[in-house]
Amino acid sequence: MSKVLIVEDELSIAELEKDYLELSSFEVEIETDGKKGMEMALKNDYDMIILDIMLPGADGFEICKQIRAAKEIPILMVSARKEDIDKIRGLGLGADDYITKPFSPSELVARVKAHLNRYQRLINNQAEVNDVIEIRGLKIDKTARRVYLNDEEKIFTTKEFDLLTFLASHPNRVFTKEELFNKIWDMESLGDIATVTVHIKKIREKIETDTAKPQYIETIWGVGYRFKM
């Protein structure tokens, strides 16, 4: 159930908005004081804020500015003031929408639903954007094919990246040089496994602080290599 905060000093209007939103299965809280409403918005987890402009304690513009600096949740500003300058200012401070009084409660509910749906799609898309492995300061972005060590990007060749990613995707598992050659180069090794050793050496030079005492890729003598979790 999505949670909505209404910051509105006209209690009758706030309660009407609340009734309609609750009929659409939203959980709703009301605050009539601007300063207290801002504190609630910043302290608690709401999915959306419905914010009046003319409020005691702190006006809607200041509240909008403070919320937007801390959170990305949708903000719908409500006001009886129809001047374009107020709309421009509100939207410029980070509000997602602006509706003037009087308005249909059904329209308010429709706008709330639309903004929450759009916000949820955005969150889902961001969550799906990149497949990333992060281990002790090492970040391997599999989607973008980029590697970072302590936020500094390291440049990898195609095979170096493929080899590092394969090992990191199977932590604590030992692979022989033959297995790694077959997996990364996609061919029978035919005894030409020295290339694995060379690539491991190059990878270590880029990600290990001390290549003699590697913290990521370990050599298992007589067997092969293991990515240490």
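Coordinates for the structure precede this section.
The rules behind these values
Starting from 1, residues in each chain are numbered consecutively following that chain's sequence as written. The model is predicted, so local features are restricted to residues of pLDDT at least 70 and side-chain atom pairs to those at 80 or more, both for listing and for counting; the totals for chains, interfaces and linings are taken over all residues. To obtain the side-chain values, all non-hydrogen atoms of the structure were used and water was disregarded. Salt bridges are counted wherever a side-chain nitrogen of Lys or Arg sits within 4 Å of a carboxyl oxygen of Asp or Glu. Under the DSSP-based scheme used, a helix requires at least four consecutive residues in state H or I and a strand at least two consecutive residues in state E, with every element numbered from the N terminus. Only protein chains enter the accessibility calculation, which uses a 1.4 Å probe; a residue whose area is less than 20% of its type maximum is buried, one above 50% is exposed, and one in between is partly exposed. What counts as a ring pair is set by centres within 6.5 Å for rings of Phe, Tyr and Trp (its six-membered ring), and what kind of pair is set by the plane angle: stacked under 30 degrees, edge-to-face over 60, tilted for all other angles. Each ring is checked for a lysine NZ or an arginine CZ that lies within 6 Å of its centre and within 35 degrees of its normal; such an atom marks a charge sitting over the ring. The pairing criterion for strands is at least two bridges between them, as found by DSSP. Crossovers are marked right-handed if the path from the first strand over the helix to the second runs clockwise, as seen with the strands pointing away from the viewer.

S.K.: Hey, could you run me through the pattern of salt bridges in this one?
M.R.: Where charged atoms from two side chains of opposite charge approach closely, those side chains can pair. Across all of its chains, the model carries 17 salt bridges by this definition. With its nearest N and O atoms 3.5 Å apart, the salt bridge here joins D131 to K142. One end of the pair, D131, is in the loop between α5 (105-128) and β6 (132-135); the other, K142, is in the loop between β7 (138-141) and β8 (146-149), and 11 residues separate them in sequence. On the basis of relative accessibility, which here comes to 40%, the residue D131 falls in the partly exposed class. Members of the salt-bridge network, linked through shared partners, are E8, E10, D52 and K101.

S.K.: How should I be thinking about the packing of aromatic side chains in this particular structure?
M.R.: Using the criterion set out here, one finds 3 aromatic pairs in the structure. In this structure, K139 packs its charged tip against the face of Y148, placed 5.7 Å from the ring centre. In this structure, K206 is placed above the aromatic ring of F156, and the distance from its NZ or CZ to the ring centre is 5.0 Å.

S.K.: Would you explain the pairing of strand β1 (residues 3-7) in this entry?
M.R.: Within a regular beta strand, the side chains point alternately toward one face of the sheet and then the other, so they alternate between its two faces. With 4 of 5 residues buried, β1 lies mostly within the body of the structure. In terms of strand pairing, β1 meets strand β2 (residues 27-31) through 5 bridges, oriented parallel. Residue pairing for β2: K3 is matched across the bridge by E27. Between β1 and its parallel partner β2, the chain crosses via helix α1 (residues 11-23), and the hand of that crossover is right-handed. For β1 and strand β3 (residues 48-52), the ladder comprises 4 bridges, and the chain directions are parallel. Across the sheet, I6 pairs through a bridge with I50, a residue of β3.

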